[in-house]
Amino acid sequence: MTQTEQTAPAALAEEADAGRLEWIDPLEDFHPDKPEESRVIVDPFNHRKKREDGAEDTTEPDPGLIASVEAVGVQQAPVLRPQTGENDGKLGIVMGQRRMKAARAAAERAVADGRKYRKVRVIIRDDLKGVDDEALAGSMVENVHRAAASAQDDLDAAQQLSLMVSAKRVPKARKAQLAAAIGRTTEELDAAPRVAKIAPEVIEELWEEGAEFDWVEQADYAEVEDVPNALWKLEQAKRKDADEGNTKRGAWRQVMQALRTEKAKAERIAATTAELAKKMIPVIGWPHAWQYSTARPVTELESSIGRPLTEAGHNETCSGHAATFDPADGEVVWVCRDFKKQGHRLIGSAPDAEGDGETAQEADAEREAARAEARTVKTNNAAWRSVREVRQEFIVDMCQDKGEAPADVKDLVLTTILAGRYAYTHYVNADCGDRLSTYLKDANLKHTPADVVAKLVKRTGVKRYWWLLFAHIAGMYEVEHMTDEAWRGKKDEFGRRKPIERQTVEWLTFLKAHGYSLSDVEEETLATAQSQAEEKAKQDAQRKADRERWDREREEARLKREAEAQQQAEEDAPAEQADDTDDPVEPPHSDENADADAADGGQEDDEPAAEGDAEPGESDEE
């Protein structure tokens, strides 16, 4: 190789104008809303400029960029150039407008918190003064290249950072600072390895659909992307969290759990279908209106001589044997594809195949209603068990709170312990360490040995004492009042369904007040309990009204009887008096008169006196 060949490449190399460095105070030198008072302005030929035509404003920094600047400052120096004309003496931002605005926002926050803020190191390109076309081209190149950078490049870098953090066991504070430096949260940083495994087409789909998912959400979506309507459901959940101000992804977690359950069900159905294919058992679709189908579940059929059919016996003897999957839980339901053709009949139906058409339709309707109720129970049972995981994750988060417990937490703890209800004593006397170890994230508490509990209390700050007790009470509510049947009420000793427990409603309402996002089945449970309470109140009011009416009627009847008795007494009194007045009153007689009367032979007084006899009152002498 000749000397000329060796030096030729170097001779072709040309130094570019690097400009000069200068420090800019983002508060003193840069006033975006008052360019006339600002030393630094946005260059008129900046490609990323605010539009006035209603288009989306891309000049404002996002929270992630502001957080990054707060954490590590502006790492990539903005490019400025001297201005001409009416802005002579000022500096115009050619590249880095959003970084400058983020620096100002970070500085304003720092001043408000009483902290120091960072100045921004910028590059001044004197060579671009008055060269508008080159300034515009440089701005466009930067932004076009920025847009072309793929999300996967971002994720690969974040994954490396995440691995470094994990390997070096970086303290939480430093980890949060590193996450902020790239405009992410620590939760997103932890999710980076999951996101890095996402297929590029999945990320492209999210971009094309305009889904503004962070890394955690992208990783979650990639997990359930095959479930129908997963993207739409997750977008709705994200919007709900935003509308409710739920920073713990409450609605998102509920939807994700439901989608995971749906995915697991689909995978179970696919695996079972493959097994059935090997056994040469056909699979039919689920008849949503069985009365209009020739198929019937084997459990509803009996042979022509009245013997109930079984899956094994039907499989061996009937060519119509098949399987379908209950959409409520994905479990296999064995069926006969054409039970009438195969000579089967419905259990409880008349031996006469023709029978009464109207009666047969009523029986079909009753059976369909029973199936519908069974599907509802299966669906809600599955949903209730599934949501338990999300609810307990929320309880774990509550129990990790480092601050003082709010008043309602203390009230709940004291009321439960001091009331000494049966459910609490039953829970305490049972093995309650399992929930305690789960909520406090301490496996040593599983069987609550005294020495382990003592160590736990000793290393726990006084402010967190209430949270230890809350974990204990939360375990009681979950074990005693959130059982599989809690969503519809337990059965009593006679097998009768009781109303939903008051404690179940109390617990869900309490968690909701602390930011827990209720699932559909939990919302339905509260609504049912409210309906039951209203119905009970209505019945109690009716019973009270009936009692009051009966009491009023009895009182009125009593008063009526008394009035009638009084009236009768008043009517009887004058009659007795009249009878006493009409009776003749005989004058009193002396014994002599009585003797005289007797001597006269009982002569009446009104007869005339005999001649020669003296008149009464006359003496013999006269």
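Cut-offs used in this document
- Residues numbered from 1 in each chain as written.
- Predicted model: local features only at pLDDT ≥ 70, side-chain atom pairs only at ≥ 80, totals over all residues.
- Heavy atoms only, no water.
- Helix = DSSP H or I, 4+ residues; strand = E, 2+ residues; numbered from the N terminus.
- Buried < 20%, exposed > 50% of the residue type's maximum accessible area, 1.4 Å probe, protein only.
- Disulfide = S-S within 2.5 Å.
- Pairing = 2+ DSSP bridges.
- Core = buried A, V, L, I, M, F, W, Y, C linked by side-chain atoms within 4.5 Å.
- Contact = heavy atoms within 4.5 Å.
- Expected span 1.5 Å × (residues − 1).

### Side note on unusual backbone geometry
Then, number 1: One non-glycine residue, N229, lies in the positive phi region at around 65 degrees.
Then, number 2: Its location among the elements puts N229 in the loop between α9 (215-224) and α10 (230-244).
Then, number 3: Overall, N229 belongs to the exposed group, its relative accessible area being 54%.
Then, number 4: Although it is not a glycine, M280 sits at a positive phi angle of roughly 65 degrees.
Then, number 5: As for its placement among the helices and strands, M280 is situated in the loop between α11 (250-278) and β6 (296-297).
Then, number 6: Relative accessible area serves as the criterion here: at 70%, M280 is assigned to the exposed category.

### Considering the side chain of H481
Then, number 1: Tracing the sequence through the fold places H481 in helix α18 (residues 465-481).
Then, number 2: The class for H481 is buried, based on a relative accessible area of 6%.

### Here's the deal with the state of the cysteines
Working definition of a disulfide: a covalent bond connecting the sulfur atoms of two cysteines.
Then, number 1: Under the criterion given, the structure shown has zero disulfides.
Then, number 2: There is no disulfide at C318, and the cysteine sulfur nearest it, in C336, is 3.8 Å away.

### Details of the pairing of strand β3 (residues 79-82)
Then, number 1: With burial as the criterion, each face of β3 is covered, one bearing V79 and R81 and the other bearing L80 and P82.
Then, number 2: The sheet contact formed by β3 and strand β4 (residues 91-95) spans four bridges and is antiparallel. Across the sheet, residue V79 finds its bridge partner in β4, namely M95.

### Focus on the nonpolar core
Then, number 1: Counting residues in each nonpolar core, the largest one holds 42 residues, and the members touching the most others are I395, L440, F470, W507, F510 and L511.
Then, number 2: Examining the composition of this core, we find that nine residues originate from one element, helix α13 (residues 357-399), more than from any other.
Then, number 3: Dropping the residues within four chain positions of it, I395 is found in contact with Y439, F470, A474, E478, W507 and L511.
Then, number 4: Among the nonpolar cores identified, the runner-up in size contains 20 residues, and F213, W215, L231 and W252 belong to it.

### A short note on the environment of I41
Then, number 1: Along the polypeptide, I41 turns up in strand β2 (residues 40-42).
Then, number 2: The spacing of I41 and K90 is 49 residues in sequence and 7.2 Å in space, taken between C-alpha atoms.
Then, number 3: Excluding anything up to four places from it in sequence, I41 contacts P35, Q83, N87, K90, L91, G92 and I93.

### Here we look at α11
Residues spaced three or four apart along an α-helix point in a common direction, a consequence of the helix completing one turn every 3.6 residues.
Then, number 1: For α11, built from 29 residues, the straight-helix expectation of 42 Å at 1.5 Å per residue is met to within 8% by its first-to-last C-alpha distance of 43 Å.
Then, number 2: Buried within α11 are the following residues: G250, A251, W252, Q254, M256, Q257, L259, K265, T272 and L276.
Then, number 3: Once α11 finishes, M280 follows within two positions and takes phi at roughly 65 degrees, a positive value.

### Considerations on the sheet that holds β6
Then, number 1: Ordered in space as β6-β9-β8, the three strands form an open sheet in which the pairing is antiparallel. Pairing within the sheet leaves two strands with one partner each, and these edge strands are β6 and β8 (321-325).
Then, number 2: Taken together, the five bridges between β8 and strand β9 (residues 332-336) define a ladder with antiparallel strand orientation. The residue of β9 that forms the bridge with T324 is V333.

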